[in-house]
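Okay, here's what each chain looks like letter by letter:
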Amino acid sequence: MSNPIVSIQGLSYQYALTEVPALRDVSLDIAEGEYVAVMGPCGAGKTTLCLSLNGIVPHMMAGGVEGKVIIAGQDTAQTTVRELARTVGMVFDNPEFQLSQVTAREEIALGLENTGVPRDEMIRRIDEVLGLVGLRGFADRSPLAMSGGQQQRLAIAAALAMYPRVLVLDEPTSNLDPIGKEEVFSVCAQLNRERGMTIVIVEHEVEVMATYASRVVVLSEGRVALNGAPRDVLRQVQALEAVGARAPQVTELAYRLEQRGRPVAEYPVTLEQALAVFPAEGVR
Ligand SMILES: Nc1ncnc2c1ncn2[C@@H]1O[C@H](COP(=O)(O)OP(=O)(O)OP(=O)(O)O)[C@@H](O)[C@H]1O
Ligand SMILES: [Mg+2]
(Lines give C-alpha, C1' and ligand atoms only; values in the text may rest on other atoms or scores of the structure.)
(Ligands and ions follow the chains in the order given, each with its own letter.)
Protein backbone atom coordinates (compact mmCIF):
# COMPACT_ATOMS: atom_id res chain seq x y z
CA MET A 1 0.00 0.00 0.00
CA SER A 2 1.53 3.34 -0.93
CA ASN A 3 1.52 5.93 1.83
CA PRO A 4 -0.83 4.35 4.34
CA ILE A 5 -2.13 6.73 7.03
CA VAL A 6 -1.64 3.96 9.60
CA SER A 7 1.22 1.52 9.33
CA ILE A 8 1.66 -1.06 12.07
CA GLN A 9 4.85 -2.98 11.53
CA GLY A 10 5.52 -6.16 13.50
CA LEU A 11 3.99 -4.73 16.67
CA SER A 12 4.19 -6.83 19.82
CA TYR A 13 3.20 -5.46 23.19
CA GLN A 14 3.12 -6.93 26.65
CA TYR A 15 1.75 -5.03 29.64
CA ALA A 16 4.06 -5.03 32.67
CA LEU A 17 3.48 -7.82 35.17
CA THR A 18 1.44 -9.95 32.76
CA GLU A 19 2.25 -13.42 31.52
CA VAL A 20 1.19 -13.20 27.88
CA PRO A 21 1.58 -10.51 25.23
CA ALA A 22 -1.52 -8.45 24.39
CA LEU A 23 -0.35 -8.03 20.78
CA ARG A 24 1.88 -10.42 18.87
CA ASP A 25 3.66 -9.43 15.68
CA VAL A 26 0.75 -7.39 14.32
CA SER A 27 1.31 -5.87 10.89
CA LEU A 28 -1.44 -3.81 9.35
CA ASP A 29 -1.54 -0.93 6.87
CA ILE A 30 -4.61 1.27 6.63
CA ALA A 31 -5.13 3.65 3.71
CA GLU A 32 -6.67 7.08 4.20
CA GLY A 33 -10.44 6.87 3.78
CA GLU A 34 -10.79 3.23 4.83
CA TYR A 35 -13.44 2.08 7.29
CA VAL A 36 -11.87 -0.72 9.30
CA ALA A 37 -13.91 -2.90 11.64
CA VAL A 38 -11.85 -4.63 14.32
CA MET A 39 -13.41 -7.73 15.81
CA GLY A 40 -12.41 -10.57 18.05
CA PRO A 41 -13.26 -12.09 21.41
CA CYS A 42 -12.65 -10.66 24.86
CA GLY A 43 -8.94 -10.17 25.57
CA ALA A 44 -7.94 -10.50 21.90
CA GLY A 45 -6.05 -7.19 22.01
CA LYS A 46 -8.56 -4.88 20.32
CA THR A 47 -8.31 -2.08 22.89
CA THR A 48 -4.53 -2.39 23.04
CA LEU A 49 -4.43 -2.01 19.25
CA CYS A 50 -6.56 1.17 19.50
CA LEU A 51 -4.32 2.59 22.22
CA SER A 52 -1.25 1.94 20.11
CA LEU A 53 -2.68 4.22 17.41
CA ASN A 54 -2.74 7.32 19.61
CA GLY A 55 0.44 6.57 21.50
CA ILE A 56 -1.16 5.78 24.88
CA VAL A 57 0.54 2.44 24.25
CA PRO A 58 3.46 2.63 24.89
CA HIS A 59 3.79 6.17 26.33
CA MET A 60 1.26 6.01 29.16
CA MET A 61 1.29 2.30 29.93
CA ALA A 62 4.04 0.24 31.49
CA GLY A 63 5.07 -2.62 29.26
CA GLY A 64 7.42 -3.95 26.64
CA VAL A 65 7.08 -3.04 22.99
CA GLU A 66 8.58 -4.36 19.78
CA GLY A 67 7.95 -3.18 16.25
CA LYS A 68 6.69 0.17 15.04
CA VAL A 69 3.55 2.20 14.54
CA ILE A 70 3.70 5.00 11.98
CA ILE A 71 0.76 7.44 11.90
CA ALA A 72 0.73 9.88 8.98
CA GLY A 73 4.49 9.48 8.72
CA GLN A 74 5.14 9.95 12.45
CA ASP A 75 6.66 7.15 14.50
CA THR A 76 4.46 6.97 17.63
CA ALA A 77 7.48 5.99 19.73
CA GLN A 78 8.99 9.40 18.94
CA THR A 79 5.81 11.48 19.05
CA THR A 80 3.95 12.65 22.15
CA VAL A 81 0.37 11.61 22.86
CA ARG A 82 -0.61 15.28 22.63
CA GLU A 83 0.92 15.65 19.19
CA LEU A 84 -0.68 12.39 17.99
CA ALA A 85 -4.06 13.65 19.18
CA ARG A 86 -3.99 16.10 16.26
CA THR A 87 -4.06 13.17 13.86
CA VAL A 88 -5.90 10.44 15.77
CA GLY A 89 -9.17 11.10 17.60
CA MET A 90 -10.33 8.55 20.16
CA VAL A 91 -13.80 7.59 21.37
CA PHE A 92 -14.25 4.94 24.07
CA ASP A 93 -17.10 2.66 25.05
CA ASN A 94 -18.53 4.54 27.98
CA PRO A 95 -19.56 8.10 27.05
CA GLU A 96 -20.05 9.13 30.69
CA PHE A 97 -16.40 8.55 31.50
CA GLN A 98 -15.26 10.73 28.61
CA LEU A 99 -17.45 13.68 29.45
CA SER A 100 -16.49 15.93 32.34
CA GLN A 101 -17.77 19.42 31.56
CA VAL A 102 -20.94 21.36 32.41
CA THR A 103 -22.01 22.02 28.81
CA ALA A 104 -21.50 20.43 25.43
CA ARG A 105 -19.66 23.58 24.30
CA GLU A 106 -17.14 23.32 27.14
CA GLU A 107 -16.73 19.63 26.46
CA ILE A 108 -15.60 20.34 22.90
CA ALA A 109 -13.58 23.42 23.90
CA LEU A 110 -11.48 21.41 26.33
CA GLY A 111 -9.26 19.69 23.76
CA LEU A 112 -9.02 22.86 21.67
CA GLU A 113 -7.86 24.95 24.64
CA ASN A 114 -5.20 22.37 25.36
CA THR A 115 -3.76 22.78 21.89
CA GLY A 116 -3.99 26.58 21.89
CA VAL A 117 -6.63 27.08 19.20
CA PRO A 118 -7.61 30.81 19.13
CA ARG A 119 -11.04 31.75 20.53
CA ASP A 120 -12.74 32.73 17.26
CA GLU A 121 -11.59 29.55 15.62
CA MET A 122 -12.81 27.59 18.64
CA ILE A 123 -16.32 29.03 18.40
CA ARG A 124 -16.41 28.22 14.69
CA ARG A 125 -15.24 24.64 15.18
CA ILE A 126 -17.66 23.94 18.05
CA ASP A 127 -20.54 24.97 15.79
CA GLU A 128 -19.20 22.93 12.93
CA VAL A 129 -18.64 19.67 14.81
CA LEU A 130 -21.96 19.85 16.66
CA GLY A 131 -23.59 20.12 13.24
CA LEU A 132 -21.58 17.18 11.91
CA VAL A 133 -22.84 14.82 14.63
CA GLY A 134 -26.41 16.10 14.48
CA LEU A 135 -26.27 18.07 17.76
CA ARG A 136 -26.79 21.59 16.45
CA GLY A 137 -28.57 23.57 19.17
CA PHE A 138 -27.13 21.43 21.96
CA ALA A 139 -24.14 23.68 22.80
CA ASP A 140 -25.53 24.84 26.14
CA ARG A 141 -26.97 21.50 27.20
CA SER A 142 -25.48 19.49 29.98
CA PRO A 143 -23.98 16.22 28.74
CA LEU A 144 -25.56 14.56 31.77
CA ALA A 145 -29.02 15.45 30.48
CA MET A 146 -28.39 13.76 27.12
CA SER A 147 -29.30 10.27 25.95
CA GLY A 148 -26.49 7.73 25.60
CA GLY A 149 -26.50 8.14 21.83
CA GLN A 150 -26.29 11.93 22.14
CA GLN A 151 -23.48 11.66 24.69
CA GLN A 152 -21.53 9.38 22.42
CA ARG A 153 -22.07 11.74 19.47
CA LEU A 154 -20.81 14.57 21.69
CA ALA A 155 -17.70 12.52 22.47
CA ILE A 156 -17.26 12.07 18.71
CA ALA A 157 -17.73 15.84 18.19
CA ALA A 158 -15.07 16.58 20.81
CA ALA A 159 -12.68 14.26 18.97
CA LEU A 160 -13.58 15.79 15.59
CA ALA A 161 -12.88 19.32 16.80
CA MET A 162 -9.17 18.54 16.61
CA TYR A 163 -9.63 17.80 12.88
CA PRO A 164 -8.13 14.33 13.15
CA ARG A 165 -7.48 12.33 9.98
CA VAL A 166 -8.23 9.07 11.76
CA LEU A 167 -11.12 8.43 14.13
CA VAL A 168 -10.67 5.41 16.41
CA LEU A 169 -13.73 4.14 18.26
CA ASP A 170 -13.47 1.33 20.81
CA GLU A 171 -16.86 -0.38 21.19
CA PRO A 172 -18.62 3.01 20.98
CA THR A 173 -22.10 1.48 20.95
CA SER A 174 -21.76 -1.22 23.58
CA ASN A 175 -23.54 0.84 26.24
CA LEU A 176 -26.22 2.27 23.94
CA ASP A 177 -29.78 1.27 23.16
CA PRO A 178 -30.67 0.39 19.54
CA ILE A 179 -31.51 4.01 18.66
CA GLY A 180 -28.25 5.26 20.16
CA LYS A 181 -26.31 2.59 18.29
CA GLU A 182 -27.88 3.61 15.00
CA GLU A 183 -27.10 7.30 15.69
CA VAL A 184 -23.43 6.53 16.21
CA PHE A 185 -23.18 4.19 13.20
CA SER A 186 -24.77 6.69 10.86
CA VAL A 187 -22.53 9.56 12.03
CA CYS A 188 -19.45 7.40 11.44
CA ALA A 189 -20.67 6.26 8.02
CA GLN A 190 -21.37 9.84 7.01
CA LEU A 191 -17.95 11.08 8.16
CA ASN A 192 -16.33 8.30 6.20
CA ARG A 193 -18.41 8.70 3.06
CA GLU A 194 -18.67 12.47 2.85
CA ARG A 195 -15.39 13.58 4.43
CA GLY A 196 -13.20 10.61 3.58
CA MET A 197 -12.37 10.26 7.25
CA THR A 198 -10.48 7.10 8.11
CA ILE A 199 -12.48 5.09 10.64
CA VAL A 200 -11.12 2.32 12.84
CA ILE A 201 -13.90 0.88 14.96
CA VAL A 202 -14.00 -2.03 17.39
CA GLU A 203 -17.51 -3.32 17.04
CA HIS A 204 -19.34 -6.60 17.65
CA GLU A 205 -22.39 -5.76 15.54
CA VAL A 206 -21.23 -7.86 12.64
CA GLU A 207 -24.37 -7.28 10.55
CA VAL A 208 -23.79 -3.53 10.68
CA MET A 209 -20.08 -3.82 9.95
CA ALA A 210 -20.79 -6.07 6.95
CA THR A 211 -22.57 -3.09 5.42
CA TYR A 212 -20.36 -0.17 6.47
CA ALA A 213 -16.81 -1.48 6.71
CA SER A 214 -14.41 -1.54 3.78
CA ARG A 215 -12.24 -3.96 5.72
CA VAL A 216 -12.61 -6.36 8.61
CA VAL A 217 -9.70 -7.30 10.86
CA VAL A 218 -10.25 -10.14 13.30
CA LEU A 219 -7.86 -10.43 16.22
CA SER A 220 -7.31 -13.59 18.20
CA GLU A 221 -4.91 -13.89 21.12
CA GLY A 222 -3.08 -10.75 20.04
CA ARG A 223 -2.60 -11.79 16.42
CA VAL A 224 -4.34 -10.81 13.20
CA ALA A 225 -6.35 -13.95 12.42
CA LEU A 226 -8.31 -12.62 9.44
CA ASN A 227 -7.95 -9.41 7.43
CA GLY A 228 -9.72 -8.42 4.24
CA ALA A 229 -12.89 -7.15 2.61
CA PRO A 230 -16.06 -7.91 4.63
CA ARG A 231 -17.25 -10.19 1.87
CA ASP A 232 -14.06 -12.27 2.05
CA VAL A 233 -13.62 -12.30 5.83
CA LEU A 234 -17.19 -12.66 7.06
CA ARG A 235 -18.00 -15.61 4.81
CA GLN A 236 -15.42 -17.70 6.68
CA VAL A 237 -17.98 -19.03 9.15
CA GLN A 238 -15.77 -21.77 10.59
CA ALA A 239 -12.65 -19.64 10.88
CA LEU A 240 -14.68 -16.95 12.68
CA GLU A 241 -16.22 -19.48 15.05
CA ALA A 242 -12.80 -20.97 15.73
CA VAL A 243 -11.55 -17.66 17.17
CA GLY A 244 -14.77 -16.86 19.04
CA ALA A 245 -16.17 -14.34 16.55
CA ARG A 246 -19.46 -14.54 14.72
CA ALA A 247 -20.47 -14.41 11.06
CA PRO A 248 -23.56 -12.40 10.01
CA GLN A 249 -26.82 -14.32 10.38
CA VAL A 250 -27.41 -14.46 6.62
CA THR A 251 -23.94 -15.95 6.10
CA GLU A 252 -24.57 -18.45 8.87
CA LEU A 253 -27.81 -19.42 7.11
CA ALA A 254 -26.02 -20.02 3.80
CA TYR A 255 -23.47 -22.13 5.62
CA ARG A 256 -26.13 -24.25 7.36
CA LEU A 257 -28.04 -24.75 4.10
CA GLU A 258 -24.88 -25.96 2.42
CA GLN A 259 -24.22 -28.35 5.30
CA ARG A 260 -27.64 -29.82 4.62
CA GLY A 261 -26.81 -30.43 1.00
CA ARG A 262 -28.15 -27.19 -0.50
CA PRO A 263 -25.13 -25.60 -2.19
CA VAL A 264 -25.06 -21.79 -2.16
CA ALA A 265 -23.29 -20.16 -5.11
CA GLU A 266 -21.85 -17.28 -3.10
CA TYR A 267 -22.19 -16.67 0.62
CA PRO A 268 -23.94 -13.38 1.32
CA VAL A 269 -22.75 -11.18 4.19
CA THR A 270 -25.39 -8.44 4.01
CA LEU A 271 -29.15 -8.70 3.91
CA GLU A 272 -29.14 -7.18 0.44
CA GLN A 273 -26.76 -9.80 -0.89
CA ALA A 274 -28.86 -12.49 0.81
CA LEU A 275 -31.97 -11.30 -1.01
CA ALA A 276 -30.12 -11.67 -4.30
CA VAL A 277 -28.68 -15.10 -3.42
CA PHE A 278 -31.86 -16.60 -1.98
CA PRO A 279 -34.77 -15.99 -4.32
CA ALA A 280 -38.13 -15.76 -2.59
CA GLU A 281 -38.88 -19.46 -2.89
CA GLY A 282 -35.29 -20.47 -2.16
CA VAL A 283 -35.45 -20.56 1.63
CA ARG A 284 -38.30 -22.47 3.04
N1 LIG B 1 -3.97 -2.08 31.59
C2 LIG B 1 -3.65 -3.37 31.47
N3 LIG B 1 -2.73 -3.94 32.30
C4 LIG B 1 -2.41 -5.24 32.16
N5 LIG B 1 -2.91 -6.06 31.24
C6 LIG B 1 -3.82 -5.57 30.39
C7 LIG B 1 -4.24 -4.19 30.46
N8 LIG B 1 -5.15 -3.97 29.49
C9 LIG B 1 -5.30 -5.14 28.85
N10 LIG B 1 -4.50 -6.10 29.39
C11 LIG B 1 -4.37 -7.49 28.90
O12 LIG B 1 -4.00 -7.47 27.53
C13 LIG B 1 -4.71 -8.44 26.78
C14 LIG B 1 -5.50 -7.75 25.68
O15 LIG B 1 -6.48 -6.91 26.29
P16 LIG B 1 -7.37 -5.88 25.48
O17 LIG B 1 -8.07 -5.06 26.50
O18 LIG B 1 -6.53 -5.18 24.48
O19 LIG B 1 -8.37 -6.87 24.76
P20 LIG B 1 -9.78 -6.55 24.07
O21 LIG B 1 -9.78 -7.34 22.81
O22 LIG B 1 -9.99 -5.09 23.98
O23 LIG B 1 -10.82 -7.22 25.10
P24 LIG B 1 -12.34 -6.77 25.43
O25 LIG B 1 -13.19 -7.42 24.40
O26 LIG B 1 -12.56 -7.38 26.78
O27 LIG B 1 -12.43 -5.30 25.44
C28 LIG B 1 -5.58 -9.20 27.79
O29 LIG B 1 -4.89 -10.36 28.16
C30 LIG B 1 -5.69 -8.23 28.95
O31 LIG B 1 -5.85 -8.93 30.16
MG1 LIG C 1 -11.47 -3.80 24.69
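Just so we're clear, the structure is a prediction, and the values are computed from it rather than from any experiment.

Topic: the nonpolar core
Moving on, step 1. Counting residues in hydrophobic clusters, the biggest one holds 62 residues, and the most contacted among them are Ile108, Ile156, Leu167 and Val218.
Moving on, step 2. Here the element with the most residues in this core is helix H7 (residues 148-160); it accounts for six residues.
Moving on, step 3. Core analysis: the second largest hydrophobic core is formed by 29 residues, Ala44, Val88, Val166 and Val217 among them.

Topic: the packing of aromatic side chains
Moving on, step 1. With the rule as written, the count across this model stands at two aromatic pairs.
Moving on, step 2. Between Tyr13 and Tyr15, the aromatic rings sit 5.0 Å apart at their centres with planes inclined by 90 degrees, giving edge-to-face as the arrangement.
Moving on, step 3. For Tyr13, a relative accessible area of 1% translates into the label buried.
Moving on, step 4. Taking the relative accessible area as the measure of exposure, Tyr15 reaches 23% and is therefore partly exposed.
Moving on, step 5. With a centroid separation of 6.3 Å and an interplanar angle of 20 degrees, the aromatic rings of Tyr35 and Tyr212 are classed as stacked. With a gap of 177 residues between them, Tyr35 in strand E3 (residues 35-39) and Tyr212 in helix H9 (residues 206-212) connect regions that are remote in the sequence.
Moving on, step 6. The class of Tyr35 is buried, set by a relative accessible area of 1%.
Moving on, step 7. Exposure remark for Tyr212: the relative accessible area of 25% places this residue in the partly exposed category.
Moving on, step 8. The residue whose ring lies beneath Arg125 is Tyr163, and the NZ or CZ to ring-centre distance is 4.1 Å.
Moving on, step 9. The side chain of Arg141 reaches across the aromatic face of Phe138, ending 4.2 Å from its centre.

Some remarks on the pairing of strand E1 (residues 6-15)
Moving on, step 1. Judged from the five bridges that link them, E1 and strand E2 (residues 23-30) form a sheet pairing that is antiparallel. The partner of Ile8 across the bridge, within E2, is Leu28.
Moving on, step 2. Bridge count between E1 and strand E4 (residues 63-71): eight bridges; the pairing is antiparallel. Its bridge partner being in E4, Val6 is matched across the sheet by Ile71.

Digging into the packing of helix H5 (residues 104-114) against H7
Moving on, step 1. Where H5 contacts H7, the two axes come as close as 8 Å, and the packing angle between them is 35 degrees. Crossing angle aside, the handedness with which H5 passes H7 is right-handed. Residue-level contacts link Ala104, Glu107 and Ile108 of H5 to Leu154, Ala157 and Ala158 of H7.
Moving on, step 2. Here the residues of the contact of H5 with H7 are counted per class, giving five nonpolar, no polar and one charged.

Looking at the site of ligand 1
Moving on, step 1. As a structural note, the neighbourhood of ligand 1 is formed by Tyr15, Thr18, Ala22, Pro41, Cys42, Gly43, Ala44, Gly45, Lys46, Thr47, Thr48 and Glu171.
Moving on, step 2. Between ligand 1 and Gly43 there is a distance of 2.8 Å, counted from an oxygen atom to a backbone nitrogen or oxygen.
Moving on, step 3. Within the contact set of ligand 1, an oxygen atom lies 2.5 Å away from a side-chain nitrogen or oxygen of Thr48.
Moving on, step 4. If one sorts the elements of the shell around ligand 1 by residue count, helix H1 (residues 46-53) sits on top with three residues.
Moving on, step 5. Residues belonging to the shell around ligand 1 are distributed by class as follows: five nonpolar, five polar and two charged.

Criteria and cut-off values
Residues numbered from 1 in each chain as written. Chains lettered and ligands numbered in written order. Predicted model: local features only at pLDDT ≥ 70, side-chain atom pairs only at ≥ 80, totals over all residues. Heavy atoms only, no water. Core = buried A, V, L, I, M, F, W, Y, C linked by side-chain atoms within 4.5 Å. Buried < 20%, exposed > 50% of the residue type's maximum accessible area, 1.4 Å probe, protein only. Helix = DSSP H or I, 4+ residues; strand = E, 2+ residues; numbered from the N terminus. Phe/Tyr/Trp six-rings, centres within 6.5 Å; stacked < 30°, edge-to-face > 60°. Lys NZ or Arg CZ within 6 Å of the ring centre and 35° of its normal. Pairing = 2+ DSSP bridges. Axes fitted to C-alpha atoms, helices over the stretch in contact; angles between N-to-C directions. Left-handed = near helix turned anticlockwise from the far one by under 90°. Contact = heavy atoms within 4.5 Å. Nonpolar A, V, L, I, M, F, W, Y, C, P; charged D, E, K, R; others polar. Near = heavy atom within 4 Å. Polar contact = N/O pair within 3.5 Å; in protein donor to acceptor, adjacent residues only side chain to side chain.

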